[in-house]
Every structure is written in C-alpha cells, then in structure tokens.
Amino acid sequence: EDCRVYEFAEKVGHSTGEVIKILFGLGKMVTKNDFLEKDEIEILADEFGVEVETINPLDELDYVAAYDAIPDEYLEERPPVITIMGHVDHGKTSLLDKIRETKVAEREAGGITQHVGAYQVEKDGKKITFIDTPGHEAFTEMRARGAQATDIVIIVVAADDGVKPQTIEALNHAKAAEVPMVIAINKIDKPDANPDMVKSQLAELGYMPVDWGGEYEFVEVSAKTGQGIDDLLETILLQAEIMELKANPKRNAKAVVIESSLEKGRGPVATVIVKNGTLHVGDHVICGRTFGRVRTILNDLGKQIKELGPSDPGVVVGLNEVPDAGEIMVAMDSDKQVRELAQKRAEYLRQKELSKSTKVTLDELGNLIAEGKIKSLPVIVKADVQGSLEAIKGSLEKLKNEEVKINIIHSGVGGITESDVALANADENAVILGFNVRPTAAIKQKAKQLGVEIKTYSIIYDLIDDVKALLSGLMSPVI
Ligand code: GDP
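Residues numbered from 1 in each chain as written. Predicted model: local features only at pLDDT ≥ 70, side-chain atom pairs only at ≥ 80, totals over all residues. Heavy atoms only, no water.

- The protein chain goes by Translation initiation factor IF-2 in an unreviewed UniProt entry, where it is assigned to Hydrogenimonas cancrithermarum.
- Turning to the protein chain, the UniProt record has this under Subcellular location (unreviewed entry): "Cytoplasm".
- Per UniProt, the comment on the protein chain under Function (unreviewed entry) is "One of the essential components for the initiation of protein synthesis. Protects formylmethionyl-tRNA from spontaneous hydrolysis and promotes its binding to the 30S ribosomal subunits. Also involved in the hydrolysis of GTP during the formation of the 70S ribosomal complex." (UniProt positions renumbered as here; feature names shortened; annotations may be inferred.)

Below, the structure written as structure tokens:
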C-alpha cells in the first residue's frame, strides 16, 4: 500500500523523526508527508525489524491481468516486434519505408499507407511487426516505463560510413535491454560501400559476425534498391524462431502505447502493439490514468478491424484522454473495474505529484547544511563557453569545507536542457547552476513541476558567492 513517512512511522510504532533520521543516513532527504519508495520501505522495515509487504498500485495492472489469465496450454506462437536503431543518416527511415513499401503493397494492394507508429508485414506466411519510430531514446524511454515492446533490434550501419557514435549508443541501448540484435549493413549499392570494414569494426567491439565464427547475424542490404531485404526478413524470422515467442490470444489484452494524439472527430487515439491476449472492439480498457471502451480499431492501413491479436499493431479509439507513449493498456472485465482502478491511479499520481512539490527549496537546503544534515551538495553546472566552465568547476572544487563538499554530477557547455532537469530530479538535492545560459520557459516550467532549483548567473563571482553562502547555511533570495 502507498505509504507516507508519518504513516509508516505510526505503523511500526516509531517516531517520524527516527524514520527521517534513518533516511538521512542513507542520503535521502524526506519530510513527514513524502511518500516512501518501495526500496526505502524495505530498508526501513529491515532497520526496525518488522515484516512488510509492498504493493505499488501501478503494478496492480499486472495483477489484474494475471487474475483472469487463461492457462498456458493456450499459448501460441506470436510474430516478432522489431525496432530499428543506428546512426543518423545511415538509413533507418529509408529501410523502414522500403520494407513497408515492398511488403505491405504485396499484402494489400491499394491500401492507404499512413504513418501510425507501427506496421506489420508478411514474409513466407509469417508476420513481422515493425515499430516505425526509430531512435534509441524512445526505445529506452519505453524500457524505463517497463513497457519493453521490442523483441529484436536491427542495428543499421551504412557501408560507406562505418560505425559512428550513435551506432555505439544503439548497440549499448540494445545490450542494456538484453534484446537480441541483427546488424543490417546498409547502402551496399554505393560504389564506396565497404561491408568488410563495418564487420571488422563491429568485431573489434565484440560483435563478431556469424560467418567469422561469432554469434551476430550481419545482413547486407540497400534501402534504395531493395537488395537484401528478403534476406533481412528471413534472418529476423529465424531469430524469432529461436526465441520461441509465445502469447495467449484468449486472455484479456495487454498492449503497449507506441504513439498517441488527439484527432479531430475521433478524440484521443493511441497506436498500440498487443503484447499478450486479444483486444476487441467493445473491450473495457485502462491505460495509465486514462480509460474507456474500445470504440474503433484501425489497422496500420487505416482499415477498420474487429480485433488485434498478439504482436499486432493498431490504432485504438475510445479512451477518455490521450495516454502517454510507453503506457500499458490493459483490458478488464467491466466498466466498473476500469473506473475504480483509474480513479485509484489518478489519486496515487496526484498525491505523488503533491509530495514532489514539497521538495526542499534552496533556503531549506541551506538550513539543512547549517544543521549538518547534508554532507554533500550535488550540482549540475552549465556554461556558455568551455573557459568559464573550467573556471567555475575549479573554484567549486576548491570550495569544500570540512563539513560539506560540492559534488559536480554533470557539467557541460550549452543551455540547460530537459535532460539536466531530469538528472537533477533523480538526485535528491541537486541544484542546477547556469552561467550565461538560461533555461527556456518550457524547461523552467518542467523544473518547477519537479521541484528542481535552477539558478543562473552572468558573473562568475556571484555564482561562487552564492554557493559559498549556501554552504554556510545562508542563501540569497532565488533569482
Ligand atoms: P536515418 O537518419 O537513419 O533515418 O537515414 P535516412 O533513411 O533518412 O537516410 C539518409 C540518407 O541516406 C537519405 O538521403 C537516403 O536517401 C540515403 N539512403 C538511405 N539508404 C540508402 C541506401 O541503401 N543506398 C543509398 N544509396 N542511399 C541510401
């Protein structure tokens, strides 16, 4: 059950102060009204020697879906779901377009092809689903939400350009997600194409091609001429066979939202890929904090259909609001169940939001430092030029007194970004310091929402002075 600090203290029969003190010891700063994270509850319970059982209402969906699961004997083979990643301009979009153009056209001559975020093709009577939004950010964002939709990743590397920084990023994202990959060496139609160079570069990184005795499948393709695309699809199907991907089409559906929008005349629409079960027109569904009854399902060609089976992509109409991409959609037995759970989730999220806005302000931070409750002050430093950045970092590092030290968790040249705010938010008391850079209104708003402090300066001395003041427990007013 969801639990605030003071509620937990009551339950275990200790004072709120004791609970807060233990969390301080762990480097977590909370007030009595904050919600405890699951791992915090576990540590505290251990500390107080009590038994607890934690349930996160957001996980409850799995619980509900499992509740009416039909036994495993109904498991059937399901198509693989593919994401394409790779360096910019190496041909991700072209490859997605070419596969769709050649294969979808075969399936349904004259079908209207509109981008909905995912599509399905057929090869030798077997289906393959492609997620049509290339990029490892989206891939990892979904993974962070626990909504891994992808079964196999295609890493595209241009044969005339070789391995590049984003190729390595893509490889690392796929590896971190433990998703098998197939490497597509693209642009082999080009006169300066050098597939062997790509192979040896990747071999050197530990991705040894199968025909060199390794375990990674490499396929040479051209998104321009279509050469090798059949090969690529066959390789994917082979890999899928090894993985024995299964689902139970008879149970209530569980799907992942790939894209969503508000459409004139239709209202909120969500492109989903079904992970398990079958989604029907008329089903009662919940999806994040949104819910509704499935009014219409469209396939990737824009044609109305009655249901979506495992790994099928489709556009769902009927939700009360637009859900976020990466959200899980679950079908439940009744409207009542859906509404009750939706309400519970909305309340949970609202409370969580409220508890976030009680994050410490700079003033409180100064007090806590003065009281000796904080030993390290995490900061993110952004500056307009390298010279200033180095000067600021140098001065900050010298600032540490014996009680508190500055911990520069990230620094860089350039504006204050959403990723800086996210990073500061992940670290309990982190402050963002900007020198000659200012956050945009949108970033400011985001920071405010999350309770992240941003301070900007145009004189290095002022910045250092402020941090000094903060360290001694005094802080000038927030600009
Ligand atoms: P993305 O940034 O990875 O999505 O790359 P694009 O699909 O936008 O492709 C970048 C450029 O490379 C475009 O100008 C494409 O026309 C070109 N391109 C993509 N694939 C091929 C290919 O197989 N052969 C040739 N010659 N050009 C290609």
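### Thoughts on the pairing of strand β20 (residues 431–435)
Here is step 1 of the chain: Of all the five residues making up β20, five are buried; the element is thus mostly covered by neighbouring parts of the structure.
Here is step 2 of the chain: Side chains of β20 alternate between two faces, with V431, L433 and F435 and I432 and G434 buried alike.
Here is step 3 of the chain: As judged from the five bridges shared by strand β18 (residues 376–383) and β20, these two strands associate in the parallel manner. Counterpart to V379 in the pairing with β20 is V431.
Here is step 4 of the chain: Chirality of the crossover, the property in question, places the unit of β20, helix α14 (residues 441–450) and strand β21 (residues 453–457) among those that are right-handed. (Buried < 20%, exposed > 50% of the residue type's maximum accessible area, 1.4 Å probe, protein only. Helix = DSSP H or I, 4+ residues; strand = E, 2+ residues; numbered from the N terminus. Pairing = 2+ DSSP bridges. Right-handed = clockwise from strand over helix to strand, strands pointing away.)

### Looking at helix α15 (residues 460–471)
Here is step 1 of the chain: Compared with an ideal rise of 1.5 Å per residue, which puts twelve residues at 16 Å, α15 spans 17 Å between its outermost C-alpha atoms and is within 8% of the ideal.
Here is step 2 of the chain: If you check which residues of α15 are buried, you get L463, I464, D466, V467, L470 and L471. The buried residues of α15 occupy an angular sector of 160 degrees when the element is viewed end-on, so they sit on one face. (Expected span 1.5 Å × (residues − 1). Arc of directions from axis to C-beta.)

### Focus: the nonpolar core
Here is step 1 of the chain: Judged by nonpolar contacts, the single largest core of 39 residues is most densely connected at F8, L396 and L463.
Here is step 2 of the chain: Elements that contribute at least two residues to this core include exactly α1 (5–12), α2 (16–25), α3 (38–48), α11 (362–370), β18, α12 (386–399), β20 and α15.
Here is step 3 of the chain: Contact partners of L463, with chain neighbours within four places excluded, come to I392, L396, L433, G434, F435 and Y457.
Here is step 4 of the chain: Judged by nonpolar contacts, the second largest core, of 24 residues, contains I82, L95, I99 and F130. (Core = buried A, V, L, I, M, F, W, Y, C linked by side-chain atoms within 4.5 Å. Contact = heavy atoms within 4.5 Å.)

### Quick look at the site of the ligand
Here is step 1 of the chain: Neighbouring the ligand are 15 residues, the closest being D89, K92, T93, S94 and D189.
Here is step 2 of the chain: At a separation of 2.8 Å, an oxygen atom of the ligand approaches a polar backbone atom of A223.
Here is step 3 of the chain: Ranked by residues supplied to the shell around the ligand, first place goes to helix α5 (residues 92–107) with three residues.
Here is step 4 of the chain: Of the residues assigned to the shell around the ligand, the class counts are two nonpolar, seven polar and six charged. (Near = heavy atom within 4 Å. Polar contact = N/O pair within 3.5 Å; in protein donor to acceptor, adjacent residues only side chain to side chain. Nonpolar A, V, L, I, M, F, W, Y, C, P; charged D, E, K, R; others polar.)

### What about the environment of D151?
Here is step 1 of the chain: Of note, D151 is situated in the loop between α6 (136–144) and β5 (152–158).
Here is step 2 of the chain: Along the primary structure D151 and A240 are separated by 89 residues, whereas in three dimensions their C-alpha atoms are 8.0 Å apart.
Here is step 3 of the chain: In this structure D151 touches R78, P79, P80, V81, V179, P180, M243 and L245, once residues within four positions along its chain are discounted.
Here is step 4 of the chain: Engagement of the side chain of D151 in a polar contact is seen with the side chain of R78, the distance being 2.9 Å.

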